[in-house]
Amino acid sequence: MTTPRRIALCLQYEGSCYHGWQRQPHQSSVQSTLDQAIAALEPPPSPSTVAAGRTDAGVHAAGQVVHFDATGPIPAERWPAALNGRLPATIRVLAASEQTQSWHACFSATYRRYRYTLYNGRTPNLFLAPFTWHRYRHRLDENRMRAALEGMLGTHNFAAFQRAGSSRPHARTTVQDVSLERDGDLITVEIQASGFLYGMVRLVLGQLVALGEGRLSLEQFEHRWRTGARAEVKEAAPPQGLCLLRVGYPQPIFPMSAWYDCQPRFRLRSQDPPEFSPLSPSS
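Student: Give me the lowdown on the overall build of the chain, citing residues and values where you can.
Tutor: Of regular secondary structure, the chain possesses six helices and ten strands. What you see for the chain is a C-alpha radius of gyration of 20 Å, in line with the 19 Å of a compact globule of 283 residues. The dimensions of the chain, computed from C-alpha atoms along their principal axes, are 70 × 40 × 35 Å. Looking at the chain alone, contacts between residues at least 24 apart form 73% of all its contacts between residues at least 6 apart. By element, 52% of the accessible surface of the chain is carried by carbon and sulfur atoms, the whole surface being about 13300 Å².

Structure follows, in structure tokens:
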């Protein structure tokens, strides 16, 4: 009997084409599409992939990490080319490596890092629309948003930012690093954590935008998540602005060029910001 070899893959996908990572009945998912491509190259029974993070419908990934156990003859370094020839253009395998059987794409990870991109110009832009959330009525106050985000650093109970339907036994996680940068009319928000609750990043962004538009105070933002006031957290950011940027492990398993920061940032030469909201302290 052939001893299975654990193959790790780093992949990108354009999430708007899929009903999330996880296999869904009667729905197209990244996992089912990838598993079908692997099955065409592996002897039966077909292996099933395991991901570092389960992205929602419409969410993109620049550096998702998955593993599966191979019994066929294809060496690890040849899997990217073999799979890319069978996958749709919306999924690309960037790198592959062989790992020990004790290594696990999800449980061996030390962090996941997500990036959310906001477009804060008044003029619609067709090329930004698939990858950003367009907020055009009011200029977002990035300084207040950054202050609120930095207050979340550390290990806390983030039940206020967990959607219903989670199987997770508790809502504690460690936010390891955050950043928020404005470049003209574009704002990028990055959150790195040991793990994320179901729907956490999009709920956080919904609250940050309400804060940036003056509809929510810093005190209200902090009160909601520190007291677990889930009923008060009603607005989630749409999925298209969110991207799983990378997954970290104790030792690098792929070349840096394949996994570290593979989502290009948009840059606009022109700027057309809206005015601050009348409710904003910055107005």
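Next comes the rest of the write-up.
Student: So what about helix H3 (residues 142-150)? Which residues, and what values?
Tutor: All of the buried residues in H3 are Glu142, Arg144, Met145, Ala148 and Leu149. Buried residues of H3, viewed axially, fall in a sector of 160°; they line one side. Elements in contact with the buried residues of H3: strand E5 (111-119), strand E8 (172-183), strand E9 (186-193), helix H4 (200-212) and helix H5 (218-226). For H3, the side-chain oxygen to backbone nitrogen distance between the N-cap and asparagine 143 is 3.2 Å, and the N-cap itself is aspartate 141.

Student: Report on the packing of aromatic side chains, specifying residues and quantitative values.
Tutor: Inspection of every chain in the model, using the stated rule, returns eight aromatic pairs. Geometrically, the ring pair formed by tyrosine 116 and tryptophan 133 is edge-to-face, given 6.4 Å between the ring centres and 80° between the ring planes. Of this pair, tyrosine 116 sits in strand E5 while tryptophan 133 sits in strand E6 (residues 133-134), placing them 17 residues apart in sequence. A ring pair is formed by tryptophan 259 and tyrosine 260, whose centres lie 5.5 Å apart and whose planes are at 85°; its orientation type is edge-to-face. Take tyrosine 260: its relative accessible area is 35%, and that puts it in the partly exposed class. Sitting over the face of the ring of tyrosine 260, arginine 246 holds its NZ or CZ atom 3.9 Å from the ring centroid.

Student: Describe in detail the layout of surface pockets, supporting the description with residues and values.
Tutor: Computed from the structure, the largest pocket encloses a volume of approximately 1100 Å³. Along the wall of the largest pocket there are 36 residues; nearest its centre are Gly53, Arg54, Phe196, Leu197 and Tyr198. Those elements that provide at least two residues to the lining of the largest pocket are strand E2 (50-51), E5 and H4. Per-element accounting of the lining of the largest pocket gives the leading share, three residues, to H4. Among the residues making up the lining of the largest pocket, the classes are represented as 16 nonpolar, 14 polar and six charged. In this structure, the second largest pocket occupies an estimated 290 Å³ of space. What lines the second largest pocket is a set of 20 residues, among which Tyr13, Ala61, Phe131, Gln263 and Pro264 lie closest to the centre. Of all the secondary-structure elements, those providing two or more residues to the lining of the second largest pocket are strand E1 (5-13), strand E3 (60-70), strand E4 (91-99) and E5.

Student: Describe the environment of leucine 268, and please don't skip the residues or the numbers.
Tutor: Looking at the secondary structure, you find leucine 268 in the segment after helix H6 (256-259). A C-alpha to C-alpha distance of 7.2 Å links leucine 268 and glycine 184, two positions 84 residues apart in sequence.

Analysis parameters
Within each chain, residue numbers correspond to sequence positions counted from 1 in written order. It should be noted that, the model being predicted, local features are given only for residues of pLDDT at least 70 and side-chain atom pairs only at 80 or more, the latter also being counted only at that level, while totals for whole chains, interfaces and linings use all residues. Only heavy atoms go into the side-chain values, all of them from the structure, while hydrogens and water stay out. Numbering of helices and strands runs from the N terminus; a helix is a DSSP stretch of H or I covering at least four residues, while a strand is a stretch of E covering at least two. A radius of gyration in this sense is built from C-alpha atoms; the matching globule rule multiplies 2.2 Å by the number of residues raised to 0.38. Whether two residues touch is decided by their heavy atoms; if any such pair falls within 4.5 Å, the residues are in contact. For the area figures, the Shrake-Rupley method with a 1.4 Å probe applies, and any residue is considered shielded solely by the protein chains shown. Burial classification: accessible surface area is computed with a 1.4 Å probe over protein chains only, and a residue below 20% of its type maximum counts as buried, one above 50% as exposed, and the rest as partly exposed. Working definition: the arc comes from the directions between the helix axis and the C-beta atoms, pointing outward to the latter. Whenever two N or O atoms come within 3.5 Å, that pair is a polar contact, provided that in protein one can donate a hydrogen and the other can accept it, and provided that, for residues adjacent in sequence, both atoms are side-chain atoms. A pair of Phe, Tyr and Trp rings is counted when the ring centres sit within 6.5 Å of each other, with Trp represented by its six-membered ring. The angle between the planes then sorts it: under 30 degrees is stacked, over 60 is edge-to-face, the rest tilted. Charge-over-ring placement is defined geometrically: NZ (Lys) or CZ (Arg) within 6 Å of the ring centre, and within 35 degrees of the ring normal. Definitions used throughout: a 1 Å grid over protein atoms alone; a cavity as a set of points that fits a 1.4 Å probe which cannot get out; a pocket as an open set with protein on both sides within 12 Å along at least five of seven lines; a lining residue as one with an atom within 4 Å of a point. Grid points are joined across faces, edges and corners, and a volume is the space filled by probe spheres set on the points. Gly falls in the polar group here, along with every residue not listed as nonpolar (Ala, Val, Leu, Ile, Met, Phe, Trp, Tyr, Cys, Pro) or charged (Asp, Glu, Lys, Arg).

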